[in-house]
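Chain by chain, the residues:
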Amino acid sequence: MKGGIITEGQGAALQELPAKRHAARHSHALSDERFVFMKNFNEFFITLGIVLLSIGLFVADSTFFGLGAAFPVIFIALMWALAEFLTRKHKLTLPSIVLALLIVPGIAWYLHAAMNAGSDETGWRGIPQDLLIPALAASLAALLFYLRFRLPFTLLLLAGSLVVAFIAAYARFSGSSAEPVGFGLVLFTGLATLAVAQWYDMSDRERLTRRADCGFWLTL
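Source: prediction; values computed, not measured.

**Concerning the environment of Pro 105**
Inspection of the secondary structure puts Pro 105 in helix α4 (residues 93-115). Taking the C-alpha atoms as reference points, Pro 105 and Ser 139, 34 residues apart in sequence, are found 9.4 Å from one another.

In structure tokens, the structure reads:
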């Protein structure tokens, strides 16, 4: 202040900052955690618009355009472009979650359908061997989405994709195909995911960063 670098009011505000943070931490300890699912109701209408746009694109392609294999690529690229605007720039939570759900499972579904084109088998019975590549692709997509946008919800998709990939790899190398997965394998993947979730949660005890939200979605 004496050097003229900051004003007297700014200096006073800096001196009050530790006390304000202490008060915020104390009030947090006495109440439930504040979980932000959407900041305002506008996010709901934006999310509804994304859903309607997605449905419209699928209907338009199946009715008029018939782009075939090119349509999923165009669709995912468009959803990613929306994420650049809504997630990276405006930090909208609910629309970002929907965009992540359209991109990551969408890639897995497209690869699974492409790999089983012409096959008589339908559905996703159990966790067969042919889910390994789609699950790995979905894991990579979820990782890239998280690194780009830092959306905590994406870790749920990443963990789920890795668990499916792990179980599918076990099925492939053990030759069990679509047989029911053993309890021990499911327990191992669940405990591993929970351990990572607790690491995120305990690294942000005062709930000052997004790591607590990451822990929440991994626990879920």
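Read on for the rest.
**Description of the packing of aromatic side chains**
Tallying each qualifying case throughout the model produces 13 aromatic pairs. Between the aromatic rings of Phe 41 and Phe 44, the centroid separation amounts to 5.2 Å while the plane-to-plane angle is 20 degrees, which identifies the pairing as stacked. For the pair Phe 216 and Trp 217, a centre-to-centre distance of 5.0 Å together with 75 degrees between the ring planes defines the contact as edge-to-face. Within the aromatic cluster, the residues linked to one another by ring pairs are Phe 41, Phe 44 and Phe 45.

**Regarding the nonpolar core**
Formed by 34 residues in total, the largest nonpolar core has its most connected members in Phe 145, Phe 153 and Leu 155. Where this core is concerned, the elements lending two or more residues are α3 (70-89), α4, α5 (132-149), α6 (154-174), α7 (183-202) and α8 (211-219). Top element by residues in this core is α4. It accounts for eight residues. With residues near it in sequence (within four places) discarded, Phe 153 still touches Ile 97, Ala 100, Leu 101 and Trp 217. Among the nonpolar cores identified, the runner-up in size contains six residues, and Leu 131, Leu 132, Ala 135 and Ala 165 belong to it.

**What to know about α5**
Helix length check: α5, at 18 residues, gives a terminal C-alpha distance of 26 Å against a target of 26 Å (1.5 Å per residue), a fit within 8%. For α5, the set of buried residues is Leu 132, Pro 134, Ala 135, Ala 137, Ala 138, Ser 139, Ala 141, Ala 142, Phe 145, Tyr 146 and Phe 149. Buried residues along α5 sit against α3, α4, α6, α7 and α8. At the exit of α5 stands Arg 150, carrying a positive phi of roughly 55 degrees.

**Structural notes on α7**
Think of an α-helix as turning once every 3.6 residues; residues three or four places apart then point the same way. Look at α7: 28 Å from first C-alpha to last across 20 residues, which is about the 28 Å you get at 1.5 Å a residue. Of the residues making up α7, those classed as buried are Leu 185, Thr 189, Thr 193, Ala 197 and Tyr 200. When α7 is viewed along its axis, its buried side chains cluster within an angular range of 100 degrees and face the same direction. Structural note: α7 exposes Phe 183, Phe 188 and Trp 199 on the side pointing more than 90 degrees away from its buried face.

Conventions used here
Residues numbered from 1 in each chain as written. Predicted model: local features only at pLDDT ≥ 70, side-chain atom pairs only at ≥ 80, totals over all residues. Heavy atoms only, no water. Helix = DSSP H or I, 4+ residues; strand = E, 2+ residues; numbered from the N terminus. Phe/Tyr/Trp six-rings, centres within 6.5 Å; stacked < 30°, edge-to-face > 60°. Core = buried A, V, L, I, M, F, W, Y, C linked by side-chain atoms within 4.5 Å. Buried < 20%, exposed > 50% of the residue type's maximum accessible area, 1.4 Å probe, protein only. Contact = heavy atoms within 4.5 Å. Expected span 1.5 Å × (residues − 1). Arc of directions from axis to C-beta.

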